[in-house]
Amino acid sequence: MAKTRVSTTVETDLLERARAVHGHHTDASLLKAALTAYLAAHREAEIDAAYAKAYAERPIDEPDEWGSLAQWRARAGAS
């Protein structure tokens, strides 16, 4: 995999706190972990937005050929 050198300036306190949480690893592994976590959070937000869009387009109480999800949840909760 191709690699790119990154050089940046950050607040000392922020870097020190991140290093303390990350443990005795390199700054490179700290940056890689931070970028990986950022991308995972972004993907999670995309999925949440897709669910919100789907439920906005097809509300939970809108019936289809199987009935409505709201009715199913009510029946499932009553049993």
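These numbers come from a predicted model, not from an experiment.

1. Points about the overall build of the protein
Then step 1. If you tally the helices and strands in the protein, you get 3 helices and 0 strands.
Then step 2. Reading the helices (α) and strands (β) of the protein from amino to carboxyl end gives α-α-α.
Then step 3. For the protein, the residues scored as buried account for 3% of the 79 residues in total.
Then step 4. Surface accessibility of the protein: about 7,500 Å² in total, with carbon and sulfur atoms responsible for 59%.
Then step 5. Distance from the positive charge centre (10 side chains) to the negative charge centre (12 side chains) of the protein: 7 Å.

2. Brief notes about the pattern of salt bridges
Then step 1. Within this structure, the stated rule accounts for 5 salt bridges.
Then step 2. Note that Arg19 is salt-bridged to Asp27, the shortest N-O span being 2.6 Å.
Then step 3. Take Asp27: its relative accessible area is 38%, and that puts it in the partly exposed class.
Then step 4. A salt bridge links Glu57 to Lys53, with the shortest nitrogen-to-oxygen separation between them at 2.9 Å. Note that Glu57 and Lys53 are positioned in helix 2 (residues 27–57) at a spacing of 4 residues, about one turn of the helix.
Then step 5. Residue Lys53 is classed as exposed on the basis of its relative accessible area of 52%.

3. A few points about the environment of Asp48
Then step 1. Counting through the fold element by element, Asp48 comes out in helix 2.
Then step 2. Overall, Asp48 belongs to the partly exposed group, its relative accessible area being 48%.
Then step 3. Through-space distance from the C-alpha of Asp48 to that of Gly77 is 24 Å; in sequence the pair is 29 residues apart.

Conventions used here
- Residues numbered from 1 in each chain as written.
- Predicted model: local features only at pLDDT ≥ 70, side-chain atom pairs only at ≥ 80, totals over all residues.
- Heavy atoms only, no water.
- Helix = DSSP H or I, 4+ residues; strand = E, 2+ residues; numbered from the N terminus.
- Buried < 20%, exposed > 50% of the residue type's maximum accessible area, 1.4 Å probe, protein only.
- Areas by Shrake-Rupley, 256 points an atom, 1.4 Å probe, with all protein chains shown as cover.
- Lys, Arg positive; Asp, Glu negative; His and termini not counted.
- Charge placed at Lys NZ, Arg CZ, Asp CG, Glu CD.
- Salt bridge = Lys/Arg side-chain N within 4 Å of Asp/Glu carboxyl O.

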